[in-house]
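An overview of the molecular structure
Now for the letters of each chain:
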Amino acid sequence: MHNAFEVFSAELVCLVLIGLGIIVLGRATYSGAKRLFAVLCISLAGWVQANALAEYSQSSSLFWTRFTFFSISIALLSFLLFVVDFPKKGPLSARIRFLIVCVGLIVTGISWAPEFITGVTFPNGLSTPTTGPLYYIFIAYFLTYFGYALYVLIRKMRSERRVNRERIKFILLGVVLLGGLGSITNLFLPVLLHSNTYINYGMYATILFAVPVTYAIAKHRLFDVRRLITRFLGYATLVLSMSLMYGLLVTLVTFYGVHTKLTLTQLAIVTVFTIGLVLITQPMKRFFDKVTQAIFYQDAYETQDVLDKINAQLVRETSVDSLAGRSLHLLAHALKAQYGAIIVVDRKSGEVRTIVVGHAPHTTAEIPKHFRSYSQHLLVLDEIEDQTTPAMNLMQTMNVSVLAHLATSKERLGYLVFGDKVSGNMYSTQDISLVRTAAAEIAVATENALRFEEIEQFTKTLQDKVEQATAELRQTNKKLRELDEAKDEFMSLASHQLRTPLTTVKGYLSMVLEGDAGKLNHDQTHLLRQAYISSQRMVFLIADFLNVSRIKTGKFVLEPKNTDLRSVIAGEIDQLTATAANRKVALVYEEPASFPNLYLDDEKIRQVIMNFIDNAIYYTPSGGTITVQLYAEDNKAVFKVTDTGIGVPVNERAHLFTKFYRASNARKARPDGTGIGLFMAKKIIDLEGGTLIFESEVGVGSTFGFTMPVKKKPAK
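Residues numbered from 1 in each chain as written. Predicted model: local features only at pLDDT ≥ 70, side-chain atom pairs only at ≥ 80, totals over all residues. Heavy atoms only, no water.

**Some remarks on the pairing of strand β9 (residues 586-590)**
Of the two faces of β9, only the one carrying L587 and Y589 is buried; A586, V588 and E590 on the other face are not. Taken together, the 5 bridges between β9 and strand β11 (residues 625-633) define a ladder with parallel strand orientation. Counterpart to V588 in the pairing with β11 is T627. (Buried < 20%, exposed > 50% of the residue type's maximum accessible area, 1.4 Å probe, protein only. Helix = DSSP H or I, 4+ residues; strand = E, 2+ residues; numbered from the N terminus. Pairing = 2+ DSSP bridges.)

What follows is the structure, encoded as structure tokens:
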């Protein structure tokens, strides 16, 4: 029974070692070291199993005893090569490595020679190997390889940086416990005592090796299999507990089955115990998972959950400060970092914006200045192999553990920075992967937010400029109105001052022409008539200026009365016939035989008629024809002046009836024009309730006129 329990215990220890080796082999970071560590674990498992079988089976004890030394030889060789290449490949030359491997393989082969272990005896029921002369070669091999491996580990522990130093410390502890206890129980005591009394205790030394190594894996990210080893510990603890319970049950059943016949009560108790064992399996699994998580994985989180929360913030926020602050808070909380910072650098001005969560050092804002030249997208302090690199010195000085660039495919925007973890643990692969993914997403969101801010700033700047320009335009417009009022006031004053003497001049000219001062000859009459026509034009011009002023001040009013429009037109034709003749232009008036009287302001409508005919005379080249028409149509009076003059350009017609505007070809043909005649004509026609008529074609001629509703003086 004692031997059966030992075999059972050895099986559990082997499972633990083989499981540890398989986990490391499948997920380790260092490809060379991982294979050697896996070989070490499997060879130790073979050593444990062979020790147990050597005691359990006397017929094959010699084979299993030799197998123990074979396994430990392989373990020593793989262990030495492992420590040389961990955490990075050592400086040993290829020739020395080849020599180490050759010696190890030779000793491994010697372990099967008859001169190594000559036989096995069983005094007191325990196997006792009889050693030959080659056994001392194995002792020398063991002491040399194991001693040199310890020397290398101790030297690396002193020279490596903090994280690797912690890893090596736990490996060294496990190896010292394993080598010390194992060599005493399985190497020296059997030789000194000529007995294997304590050899079975050697397999427990492997547990002392597995515990600190497993702790280093779970706590200090040795081989980067933290999550797997944590789950493995939970399952291993569950299996061990259930095995002990089941072993107790089997022991009870076997004991009672051998000595006495089981009663119904005892059988019921065994059955209930078995059912209870099955029922508590799942709760015990959850319990051990919870315990291992609490010990080794206190800062656990689900990467996708954190990224989903960050993405939700990035989609919701448009401000750089808001999205950076919220996403940074989520990251720092998940990573359990002492502080987190996002540093955004304006690519144009170089201005640095720093968003901080936690207690960041005051030097955080200086990170862009120091790390601008580093091309690596992600720097992790614990993964920098060379302790003398400027990057490591800077990160240690500035209390930075992780630094990731916020960069898109187009540009580098800034940095994502984290300090040490609150727990003092190193950043795991899961942490680094989260930072790398989050940095890429934050960079894209930051770029979009910066573009949005640029658009907002551009809009604000544009709005400010528009408001400034609007204010300037208002001020300019105010000045223009003041100038316009001053001009109108001047025109009104000047027109009033000119009107009286001009009327006097016109009156005296009329008296002279009528013969009141004596008879005139032909030349005198012609000259005086020209002076009279010019004075008449001046009167009309002054009247226009006065009317413009009256419109501005709201004093322009109509004084309608029954008007014979036919005679008004005839009178204006008589006055302008001489002018047309002087310019060699034919002036034709198609006077209707009869025409109804209209109720309108005859003086103002006379001014309109005179303006249309006068313009036609001056803008029609010599030899041209001007046709004046008056007729009634659809209860409307229609007046038209059609010429064969210069016409009005198409792109200038919309401005033709505005105040002081003159077409470009009109300014060339008549430089002395004022540009208020057509303006006043349209105002008067509109006030009279009429409609303006205007048609023109450059080089062909124009038609100006109006239609006026036929209305009579209302009855009192």
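**Digging into the layout of surface pockets**
The calculated volume of the largest pocket comes to roughly 650 Å³. Elements with a contribution of two residues or more to the lining of the largest pocket: α16 (522-553), α18 (602-618), α19 (664-669), α20 (677-687) and β14 (701-709). The element that contributes the greatest number of residues to the lining of the largest pocket is α18, accounting for 6 residues. For the lining of the largest pocket, the class distribution of residues is 15 nonpolar, 11 polar and 7 charged. (1 Å grid on protein atoms, 1.4 Å probe; cavity = no way out; pocket = protein on both sides within 12 Å on 5 of 7 lines; lining within 4 Å. Points joined across faces, edges and corners; volume = space filled by probe spheres on them. Nonpolar A, V, L, I, M, F, W, Y, C, P; charged D, E, K, R; others polar.)

**What about the pattern of salt bridges?**
Between side chains of opposite charge, a pair can form as their charged atoms come close. Evaluation of the coordinates by the stated rule reveals 12 salt bridges. A salt bridge links R451 to E454, with the nearest nitrogen and oxygen atoms 3.9 Å apart. Remark: E454 and R451 occur in helix α15 (residues 429-513); sequence separation between them is 3 residues, near one turn of the helix. Taking the relative accessible area as the measure of exposure, E454 reaches 33% and is therefore partly exposed. Linking E591 and R566 is a salt bridge whose minimum nitrogen-to-oxygen distance equals 3.8 Å. With a gap of 25 residues between them, E591 in the loop between β9 and β10 (598-600) and R566 in helix α17 (residues 565-582) connect regions that are remote in the sequence. By relative accessible area, R566 is classed as partly exposed at 22%. Counted as one network, the salt bridges with shared partners bring together E411, E447, R451 and E454. (Salt bridge = Lys/Arg side-chain N within 4 Å of Asp/Glu carboxyl O.)

**A word on the sheet that holds β11**
One open sheet holds the 5 strands; their spatial order is β9-β11-β12-β14-β13, and the pairing between them is mixed. Two strands bound the open sheet, and with one partner strand each, they are β9 and β13 (691-697). Across this sheet, the average inter-strand angle for adjacent strands is 10 degrees, counted without regard to direction. Two elements, β11 and strand β12 (residues 636-643), share 8 bridges in a ladder whose sense is antiparallel. Its bridge partner being in β12, I626 is matched across the sheet by D643. This element, α17, spans β9, β11 and β12 of the sheet and lies at about 170 degrees to β9. In this fold α18 packs onto β9, β11, β12, β13 and β14, with an angle of close to 165 degrees to the strand it touches most, β14. (Axes fitted to C-alpha atoms, helices over the stretch in contact; angles between N-to-C directions. Contact = heavy atoms within 4.5 Å.)

**Observations concerning the pairing of strand β7 (residues 412-418)**
With respect to burial, β7 is a largely interior element, 6 of its 7 residues being buried. With 6 bridges joining them, strand β6 (residues 402-407) and β7 adopt antiparallel strand pairing. Looking at the pairing, H405 lines up with Y415 of β7. In this antiparallel pair of consecutive strands, β6 and β7, the connection spans 4 residues.

**Description of the packing of α18 against α20**
Their axes nearest at 9 Å, the elements α18 and α20 cross at an angle of 140 degrees. Classified by the angle their axes make, α18 and α20 are oblique. Note that α18 runs across α20; the crossing there is left-handed. Here K604, Q607, V608, N611, F612 and N615 of α18 lie close against α20, whose contacting residues are G677, L678, A681, I684 and I685. Class assignment of the residues belonging to the contact of α18 with α20 gives a composition of 6 nonpolar, 4 polar and 1 charged. (Parallel < 35°, antiparallel > 145°, perpendicular 65-115°, else oblique. Left-handed = near helix turned anticlockwise from the far one by under 90°.)

**Side note on the packing of aromatic side chains**
All chains considered together, the criterion is met by 24 aromatic pairs. Between F694 and F704, the ring centres sit 5.0 Å apart and the planes meet at 35 degrees, which makes this aromatic pair tilted. You can see F694 sitting in strand β13 and its partner F704 sitting in strand β14, a full 10 residues away along the chain. Looking at F704, the relative accessible area reads 11%, which means it is buried. One cation-aromatic arrangement involves K421 over Y427; the distance from NZ or CZ to the ring centre is 5.5 Å. (Phe/Tyr/Trp six-rings, centres within 6.5 Å; stacked < 30°, edge-to-face > 60°. Lys NZ or Arg CZ within 6 Å of the ring centre and 35° of its normal.)

**Here we look at the packing of α17 against α18**
One way to put it is that α17 packs onto α18 with a least axis distance of 10 Å and a crossing angle of 30 degrees. The chirality of how α17 crosses α18 is right-handed. Mapping the contact onto sequence places L565, V568, I569, E572, I573, L576, T579 and A580 in α17 and I605, R606, I609, M610, I613, D614, I617 and Y618 in α18. Its residues assigned to classes, the contact of α17 with α18 comprises 12 nonpolar, 1 polar and 3 charged.

**Comments concerning the sheet that holds β7**
Read from one edge of the open sheet, 5 strands run β4-β3-β7-β6-β5, paired in antiparallel fashion. Across the chains shown, the open sheet's two edge strands, defined by having one partner strand only, are β4 (352-358) and β5 (378-380). For this sheet, the mean angle separating the axes of adjacent strands, direction not counted, is 15 degrees. Taken strand by strand, helix α12 (residues 320-335) contacts β3 (339-345), β4 and β7, and its axis lies near 35 degrees from that of β4.

**Focus on a nonpolar patch on the surface**
On the surface, I18, I22 and I42 cluster together into a nonpolar patch covering about 260 Å² of accessible area. For I42, the position within the fold is in helix α2 (residues 31-56). In this structure I42 comes out as partly exposed when scored by relative accessible area, which is 43%. (Patch = residues over 30% accessible without salt bridge, like charges linked within 9 Å, V, L, I, M, F, W, Y side chains within 5 Å. Areas by Shrake-Rupley, 256 points an atom, 1.4 Å probe, with all protein chains shown as cover.)

**Re unusual backbone geometry**
One non-glycine residue, K336, lies in the positive phi region at around 55 degrees. In this fold, K336 is placed in the loop between α12 and β3. Here D634, not a glycine, exhibits a phi torsion of approximately 50 degrees, which is positive. Tracing the sequence through the fold places D634 in the loop between β11 and β12.

**Focus: the nonpolar core**
If you look at the biggest cluster of nonpolar residues, it comprises 47 residues, and the most contacted ones within it are L44, F79 and V83. Elements with a contribution of two residues or more to this core: α1 (2-27), α2, α3 (61-85), α4 (94-110), α5 (135-159) and α6 (162-193). Among the nonpolar cores identified, the runner-up in size contains 43 residues, and I617, A637, V641 and I684 belong to it. (Core = buried A, V, L, I, M, F, W, Y, C linked by side-chain atoms within 4.5 Å.)

**Overview of the confidence of the model for the chain**
Low-pLDDT portions of the prediction should not be read for the details of their coordinates. The pLDDT averaged across the chain works out to 78; a share of 74% of its residues lies at or above 70. Mean pLDDT across the elements of the chain bottoms out in helix α8 (residues 226-259) (58) and peaks in β12 (94). (pLDDT = per-residue confidence, 0-100.)

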